[in-house]
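So the chains spell out like this:
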Amino acid sequence: MISLPKTVGTIGGGNMAEAILQGLLQAGYTADQLCASDPVAERREHLSRTLGVRTTDSNLEVVEGSEVVVLAVKPQHLEAAVDPLPKNGGPLYLSIAAGVTLATLRRWLGSGARVVRAMPNTPALIGAGITALADGTGASAEDLERAEVVLTSVGDVVRVPEHLLDAVTGLSGSGPAYVYLFIEALCEAGIREGLPTLVARDLAVKTVLGAAAMVRETGEHPALLRERVTSPGGTTAAGLAALEDRGLRAALLAAVEAATERSRELARDA
Ligand SMILES: NC(=O)c1ccc[n+]([C@@H]2O[C@H](COP(=O)([O-])OP(=O)(O)OC[C@H]3O[C@@H](n4cnc5c(N)ncnc54)[C@H](OP(=O)(O)O)[C@@H]3O)[C@@H](O)[C@H]2O)c1
């Protein structure tokens, strides 16, 4: 039986930290179980005012008062953020910084530190994220469970080996932007066909939401759902043929490949 972390803190009090703290409050944590550090006074005031959590400008204070500490600063700030912390011990660290490997984190925090790594995405900000947690990384089953409890507060969690986190970044990390572009183009197309702007946006957004919900709730393969709504010689067949002719599928394969490669490059430079 895994014991839930009684206290959770974040180093960095930006967007992702706020989403996680808010998610934990909604999941039943009380404000006195949570804290956050940030160098910016306005961010600290914002978090204490809106969420009621304890805030500080001392990262050490967060580490001393928390069983799990989420590392939620930009990757380029992470080394400086953990520099003043004690090495080889302390809480369980959960890093969500893109591209900073566990090997690097252990170099900075000491080989004896308990560290896990995960890659969330921006819908976490409204509790609808999907996070990949790196599995099989030398962390204990209990620590992975504790990290998962924290991450579940902002959406669903899947586990993958650490080397696949670049692919996760290419798909679900960057993926919301691909979908925004898809929605944007769908709106524009509707407007060109004469629909009022707001109606076109509503139709596009709800079509994407509805189709995604169909895939999730039926559990069917998307290709099967697509075939089912495509009558021979019909309107959908004409639309799909135009998409295939212009290479939508190939474009998406190339997008995920390019983003995955870029994530690998950034990790190498980190
Ligand atoms: N946003 C996403 O969708 C997303 C998805 C996956 C992973 N991530 C990862 O999540 C992390 C946080 O992203 P975010 O969007 O929440 O960034 P953010 O809004 O910029 O938040 C980071 C906060 O940490 C503060 N900070 C900087 N240096 C610090 C230090 N030494 N000690 C304590 N706090 C410090 C920053 O202050 P300043 O403003 O003064 O720098 C800022 O308020 C990043 O590593 C990112 O790679 C984000």
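Keep in mind it's a predicted model, so treat the numbers as computed, not measured.

Parameters at a glance
Residues take numbers from 1 onward in each chain, read along the sequence in its written order. Thresholds applied to this predicted model are a pLDDT of at least 70 for local features of residues and 80 or more for the giving and counting of side-chain atom pairs; totals over whole chains, interfaces and linings are not thresholded and use all residues. A run of H or I in DSSP becomes a helix once it reaches four residues, and a run of E becomes a strand once it reaches two; helices and strands are each numbered from the N terminus. Residue pairs are scored as contacts if the distance between their C-beta atoms, which are placed from the backbone, is within 7 Å. With C-beta atoms placed from the backbone, a residue is labelled by how many other C-beta atoms lie within 10 Å of its own: buried for 20 or more, exposed for 12 or fewer, partly exposed between the two. In this analysis, strands are considered paired if DSSP registers two or more bridges between them. Each residue gets a C-beta atom placed from its backbone. If that atom is within 6 Å of a molecule or strand, the residue is near it. Residue classes follow a fixed rule: Ala, Val, Leu, Ile, Met, Phe, Trp, Tyr, Cys and Pro count as nonpolar, while Asp, Glu, Lys and Arg count as charged, and any other residue, Gly among them, counts as polar. If you view a crossover with the strands going away from you and the path from the first strand over the helix to the second runs clockwise, you call it right-handed. As used here, a nonpolar core is made of buried Ala, Val, Leu, Ile, Met, Phe, Trp, Tyr and Cys residues. They are joined through C-beta atoms within 7 Å. The domain boundaries here were taken from an automatic or database domain assignment.

**Re the overall build of the protein**
What the protein contains, in helices and strands, is 12 helices and eight strands. Its C-alpha atoms give the protein principal-axis dimensions of about 65 × 40 × 40 Å. Here the contacts in the protein between residues at least 6 apart in sequence split such that 63% fall between residues at least 24 apart.

**Things to note about the pairing of strand E6 (residues 114-119)**
Taking burial as the measure, the six residues of E6 include six buried ones, the bulk of the element. With burial as the criterion, each face of E6 is covered, one bearing Arg 114, Val 116 and Ala 118 and the other bearing Val 115, Arg 117 and Met 119. Note that strand E5 (residues 92-95) and E6 share four bridges and pair parallel. From the neighbouring strand, Ser 95 faces E6, where its bridge partner is Arg 117.

**Some words on the environment of Arg 159**
Looking at the element boundaries, Arg 159 is found in strand E8 (residues 155-161). Note on Arg 159: 14 C-beta atoms within 10 Å, which makes it partly exposed.

**Let's talk about the site of the ligand**
Around the ligand, the surrounding shell holds 28 residues, and the nearest of these are Gly 12, Gly 14, Met 16, Ala 81 and Ala 97. Of all the secondary-structure elements, those providing two or more residues to the shell around the ligand are helix H1 (15-26) and helix H4 (75-82). Per-element accounting of the shell around the ligand gives the leading share, four residues, to H4. Here the residues of the shell around the ligand sort into 15 nonpolar, 10 polar and three charged.

**Side note on the pairing of strand E2 (residues 34-37)**
Where burial is concerned, the two faces of E2 agree: the one with Leu 34 and Ala 36 and the one with Cys 35 and Ser 37 are both buried. In this fold, the crossover linking strand E1 (residues 8-11) to E2 by way of H1 has right-handed handedness. Handedness of the β-α-β unit built from E2, helix H2 (residues 41-51) and strand E3 (residues 54-56) comes out right-handed.

**Topic: helix H7 (residues 165-173)**
Extensive coverage of H7 is indicated by the burial of seven of its nine residues. Those residues of H7 that fall on the buried side of the exposure criterion are Leu 165, Asp 166, Val 168, Thr 169, Gly 170, Ser 172 and Gly 173. Check the buried side of H7 and you find it contacts E6, strand E7 (129-135), E8, helix H8 (175-192) and helix H12 (248-269).

**What about the nonpolar core?**
Of all hydrophobic cores here, the largest spans 51 residues; its most connected members are Val 70, Leu 71, Leu 94, Val 116 and Ala 118. By residue number, the principal contributor to this core is H1, which donates six residues. In contact with Leu 71, not counting residues within four places along its chain, are Ile 11, Leu 78, Tyr 93, Leu 94, Ser 95, Ile 96 and Ala 97.

**Remarks on the domain arrangement of the protein**
If you check the domain split of the protein, you get domain 1 (8-161) and domain 2 (173-268). Measuring from the centre of the C-alpha atoms in domain 1 to the corresponding centre in domain 2 gives 33 Å. Residue-level contacts link six residues of domain 1 with six residues of domain 2. Taken together, the residues of the side of domain 1 that touches domain 2 sort by class into two nonpolar, four polar and no charged.

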